[in-house]
Amino acid sequence: MIMIKQSIYIMFAIVFCISCNEYELQETVMVYDTEHPYLPEYSEWGYNSFGAYFDREIFVSNTSIVPAKVIRTDSATTLLFSGIKGAPDIDLYHDTYKTYPTMSVAFTIPDLKPETYSDIAQLHNTSFDLTDTVYSVTITIDSIKYPAQILSGTFTCKRAQTLYVDTKLSEIILSGTFDFKAIVNATPITLSNGRYDVGIYADNFYVLQQY
Amino acid sequence: MAFKRIFLCILLFQVICGYAQDRQRQYVGAEALFIAYNGEVADVANIRKSVTANQYDYNSTGYSLNTLSYYTSFGAHTEYIIASDKMSFVCGLRFTEINNSIQHNSAWTNQTFFYYRYKQDSTRTDYVKVSRIQQKTQYLGIPLELKYYWFRRHYMISPYVIAGTEIRYRMQSSTRFTMYESAMSIYEQELLPKVTKPSNSHITFYAGIGAKIGRPDKPSILFEANLPFLFLPSTSFGMVQPKAGGGIRLSAQFPLKSN
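Here the structure is a predicted model, which means the values were calculated and not measured.

What counts, and at which threshold
Residues numbered from 1 in each chain as written. Chains lettered and ligands numbered in written order. Predicted model: local features only at pLDDT ≥ 70, side-chain atom pairs only at ≥ 80, totals over all residues. Heavy atoms only, no water. Helix = DSSP H or I, 4+ residues; strand = E, 2+ residues; numbered from the N terminus. Buried < 20%, exposed > 50% of the residue type's maximum accessible area, 1.4 Å probe, protein only. Areas by Shrake-Rupley, 256 points an atom, 1.4 Å probe, with all protein chains shown as cover. Pairing = 2+ DSSP bridges. Contact = heavy atoms within 4.5 Å. Buried area = accessible area lost by both parts, 1.4 Å probe. Salt bridge = Lys/Arg side-chain N within 4 Å of Asp/Glu carboxyl O. Polar contact = N/O pair within 3.5 Å; in protein donor to acceptor, adjacent residues only side chain to side chain. pLDDT = per-residue confidence, 0-100.

Helix and strand content of chain B: two helices and nine strands. Walking chain B from its N terminus toward its C terminus, one meets helices and strands in the order α-β-β-β-β-β-β-α-β-β-β. Taken over 259 residues, chain B has a buried fraction of 47%. Accessible surface, chain B: about 12700 Å² in total, of which carbon and sulfur atoms supply 61%.

Structure, rendered in structure tokens:
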């Protein structure tokens, strides 16, 4: 009986220790761009923020939604940016009452197959021409997925840094830009001035059969 | 170099005060001063922001840091009464120690450290979790002051206002990192060069109001509220720059020469 209790305590301790990662680094720090007041400024600190103009609206990271996820399947890897969209005169980042529609943009890259989250560092200093048909972009608004027919645009990872905290591997910081013009649901749209600065770690890296 | 500065200060002190052989009244005294001030962290280039910031938020910088800044001074001075016994000129020699520290503001979270970037290349970045950075600097200074007494002579209590300036020369400075993980203290030497050192010298301007308790020809005690308001250069204090502060000065004086 005592051995069983000890085993349970040890199991809880192990589970607790596994989840003792740098959660302070996983929170979003929004530092607004002085030139584009409701977008975050471009940074390379792993502030877990992104933003872009969606036509005249703002598509931006939010306090309640994990801003970036990496999903790897057998055929490709998807970089998924999730946030909300709304009018540019409202501070969307603080929308805790969920009054605005959720939105995500997924960039699927077939020739990227990281085994672990640390392998995502191979994106350092890379750029993808989104008009190339091997790449695909999907926009999801309020859980409805819309494949985007790309007319022009690029996705760039300016910097991928392997971050160590107190000499322990913590996360990969991806920082870069994106913009494109596309036909979505028979309507031309433009996503412009897109920038991101996100951390990829064990908890937001997924390996799935299909996505 | 420190000895040269001490010699220069003593020589300057003698030159400035030596002309007062024919003044009306003269006092010598010892003093102690304590000033606390509100500071702004100047060294943020390697510190990771931790709160959302825009011009409408309470924190417009994104850094959630607390500073603790104060200095203590001990010195000796000579006061020369001039101009109808209501005005006096003070000069002296003062030893000052300035203490600055930076730590994370834990008012809103349980976080008791901040991330400090100590190494970076194009593909790798290293942070260390720092609980506190402390910087201690010692100066030797020459204060020069003008005092105005509202009333003197037979009154026991003589209120006064004072304006002064002090030239300080840096003797020694030390910086210390307290790491969140004690095992990381071996990296402290790599971090020290990244912290801004105080300038070799600076000038401070201050004003105050106080009261002298004692008869003009007897030993007396002085209490004073002291407000430094300008530091030149403005970046002279190292990792924390002073914004506003105030404190108290306590002095004991003995008459040296009277009419």
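Residues and elements named next belong to chain A. Direction of pairing for strand β6 (residues 126-129) relative to strand β8 (residues 144-165): antiparallel, over a ladder of four bridges. Across the sheet, residue phenylalanine 128 finds its bridge partner in β8, namely phenylalanine 155. Looking at chain direction, strand β7 (residues 136-141) and β8 are connected through five bridges and run antiparallel. Its bridge partner being in β8, threonine 140 is matched across the sheet by lysine 145.

With 30 residues of chain B at the contact, the number on the chain A side is 27 residues. Between chain B and chain A lies a buried interface of about 2300 Å² when both sides are counted; carbon and sulfur atoms form 48% of it. Counting across the chain B and chain A interface gives zero salt bridges. The interface formed by chain B and chain A holds 15 residue pairs in polar contact (both at pLDDT 80 or more) in total. No other element matches the six residues that strand β5 (residues 124-149) of chain B contributes to the side of chain B that touches chain A.

Quick look at the confidence of the model for chain B now. Residue and element names in this part refer to chain B. Here chain B averages 86 in pLDDT, and 84% of its residues register 70 or above. In this model residues 19-23 is a low-confidence stretch, pLDDT under 50, and it forms nine contacts with partners more than four residues away in sequence or in other chains. For this predicted complex, the interface confidence comes out at an ipTM of 0.84, alongside a pTM of 0.83.

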